[in-house]
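# Summary of structural features
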Amino acid sequence: MTPTTHKPGIARSMVLSDLSASLRKALDRGEFFLEYQPQFNTRNGTMRGCEALIRWRHPEKGVVLPGGFIDQAEKLGLMFRIDDWVRRTACRQAKAWQDAGFAPIVMSVNVSFNEVEEAGFVERVCSALKESGLPPEYLELELTETSIAGDLTAIRGALAVLREMGVSLAIDDFGTGYASLSQLLDLDFDFIKIDKVFIDQLDDGREELVTGIIQLAVSLGIPTIAEGVETKKQDRALDRLGCGLVQGYFYSHPHSADEFVKHYAKHLTQHAAAKRDWQRWLPVAIASLDSARTVERAIFAFQREHPDVAVSLTVCSSRDAIEYLRTGEVGLAVGLYREPLAGIEPLSAWSDDFVWVGAPESIGNMTVPDLSINHNSSAGRSGVRTHCDLENSIYHQIMSETLEAAGIDSLPYFFGDSFGSYEMALAEGFGISILPRFATRSELFASGKIIELNPAETELPPIAEKYRLGLFASPLPEGEARNAQVVLIQTISALIDSLGLRRERSGELYPTRPD
């Protein structure tokens, strides 16, 4: 007797048919469940939040990951129900953790472009929030870039309503889809998630695409989150490139709700203490600028002299340092700023003149080959080879704006990961840059390896804008941390004064009461 055989196409159809039948019953049978993968802020060591990830406990196949059933669920038209169940379950869990005394963290859930287009989407999200009692600011919706296409009119209004409520929006799997930059800007996302396919390239030393995404995000003022971080090499590269929000197996696998608490209870309670108890804990943020090492040493010396107060130090960008103060994550911040600064003003502020700097051979050799610095030249576009350090958000912005106003292109050539590499690149002739005048007192300037460039000799335009450094502080309740904050403000202020900067503003955080 000849055994019965099935052609591959028929066999696949039978498998899909079985899968479809099981999927239709899975939701009603309660076979879906969620796991939660944390997201960490590597700059200050806190847990930013977690992403809710759906799993299917199949009665015969065991646990099935999303890749094994999502496509079929979409074809069957089941994703709206599944997404709604995920959203409601995740919101209830986030609120349950808060009710248990843990600090609030952001709960991220995925949503498809098609669902956002459907009538009643906003109402379903509001229903999930109301039913769970979760405040909107602790819900984040991740919209996959590959699903964004066509006319965005239908979803623009819905997303705007949710953002107005306080719900944050993230573009997921960034770089893998075909959404145009104008579409992304039009939807006004709060975060950009860099897809794992690009993170994996960091293991091979291929940093170009990740660097480009991060620099694009910085120029748009949108923070990035790296997903799928699995190796130490990837983690170090992301830290060097300026991405401080991470998610992946290198930090944690996804966990059930109970396991999540078991693994991160201490972390969550420490995060809660950071938000609520300012009596003996003083978080400080300083920008990764040229004076950071001096300020950092002063803070460490202060900590040795005041062991009764836990001083937590974060080194980050100026933008992040000031934002941490604005959101109440730190009590003291030092960073560069440009006036006017909306929403928060420095307690004390200093200024200095910017000057053009470079290696001696930079004179007459500042242009990239085939480009002329002479902006009146008709042969090609003009351009000057420049480079910047971690403060490119301000340094390079001022430099490029100054050149642009003179009709000269700024052509970024080198990006350093510290002020030391910044100076070395200048000394090696990698390009020219700008520095505050006080920073030209270093050994490399004293030895003549880097010099101040005279605009009259180089055709470089004068720099009208000033270097502005601010010390920002928020009032704290009475206690050891407040006492330490007052002393630390005085210490840092005196240190910055000693650098030779001009003090433009002096403030008093706790005015002395008259007797």
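Scoring rules and cut-offs
- Residues numbered from 1 in each chain as written.
- Predicted model: local features only at pLDDT ≥ 70, side-chain atom pairs only at ≥ 80, totals over all residues.
- Heavy atoms only, no water.
- Helix = DSSP H or I, 4+ residues; strand = E, 2+ residues; numbered from the N terminus.
- Buried < 20%, exposed > 50% of the residue type's maximum accessible area, 1.4 Å probe, protein only.
- Areas by Shrake-Rupley, 256 points an atom, 1.4 Å probe, with all protein chains shown as cover.
- Axes fitted to C-alpha atoms, helices over the stretch in contact; angles between N-to-C directions.
- Parallel < 35°, antiparallel > 145°, perpendicular 65-115°, else oblique.
- Left-handed = near helix turned anticlockwise from the far one by under 90°.
- Contact = heavy atoms within 4.5 Å.
- Nonpolar A, V, L, I, M, F, W, Y, C, P; charged D, E, K, R; others polar.
- Phe/Tyr/Trp six-rings, centres within 6.5 Å; stacked < 30°, edge-to-face > 60°.
- Lys NZ or Arg CZ within 6 Å of the ring centre and 35° of its normal.
- Salt bridge = Lys/Arg side-chain N within 4 Å of Asp/Glu carboxyl O.
- Pairing = 2+ DSSP bridges.
- Expected span 1.5 Å × (residues − 1).

Before going further, it helps to examine the overall build of the protein. Counting its regular elements, the protein contains 18 helices and 19 strands. The buried share of the protein, taken over its 515 residues, is 50%. Surface summary for the protein: the accessible area is close to 24300 Å², and the carbon and sulfur share equals 52%.

Turning to the packing of helix α3 (residues 79–99) against helix α5 (residues 121–132), a few remarks are in order. Two elements in contact, α3 and α5, have axes whose closest approach is 8 Å; the angle formed by their N-to-C orientations is 30°. Considered as vectors, α3 and α5 are oriented roughly parallel to each other. Between α3 and α5 lies a crossing whose hand is right-handed. Contacts between α3 and α5 involve Asp-84, Arg-87, Arg-88, Cys-91, Arg-92 and Lys-95 from the former and Phe-121, Arg-124, Val-125, Ser-127, Ala-128, Leu-129, Glu-131 and Ser-132 from the latter. In the contact of α3 with α5, the residues fall into five nonpolar, two polar and seven charged.

Moving on to the packing of aromatic side chains. Applying the stated criterion to the full structure yields twelve aromatic pairs. Consider the rings of Phe-32 and Trp-56, whose centres lie 6.0 Å apart with planes at 45°: the pair is tilted. In this pair, Phe-32 is assigned in strand β1 (residues 32–41) and Trp-56 in strand β2 (residues 46–58), connecting sequence segments 24 residues apart. With respect to class, Phe-32 is no different from Trp-56; both count as buried. One aromatic cluster is present, built from ring pairs that chain together Phe-32, Trp-56, Phe-69 and Trp-85. Sitting over the ring of Phe-191, Arg-48 keeps its end group 4.2 Å from the ring centre.

Our next topic: the pattern of salt bridges. Between side chains of opposite charge, a pair can form when the charged atoms approach closely. Inspection of every chain in the model, using the stated rule, returns 29 salt bridges. In this structure, Arg-502 engages Asp-353 in a salt bridge whose closest nitrogen and oxygen atoms are separated by 3.4 Å. Taken together, the residues Arg-502 in strand β19 (residues 502–505) and Asp-353 in strand β13 (residues 348–358) connect sequence positions 149 residues apart. For Arg-502, a relative accessible area of 37% corresponds to the partly exposed category. Here Arg-468 makes a salt bridge to Glu-504, at a shortest N to O gap of 3.9 Å.

Covered by surrounding structure in strand β16 (residues 433–436) are Ser-433 and Leu-435 together with Ile-434 and Pro-436, the residues of both alternating faces. For β13 and β16, the ladder comprises four bridges, and the chain directions are antiparallel. By the bridge assignment, Trp-356 is partnered in β16 with Ile-434.

This next bit is on α3. With 21 residues, α3 extends 30 Å between its outermost C-alpha atoms, agreeing within 8% with the 30 Å of an ideal straight helix rising 1.5 Å per residue. Gly-101 lies just past α3 and shows a positive phi near 100°.

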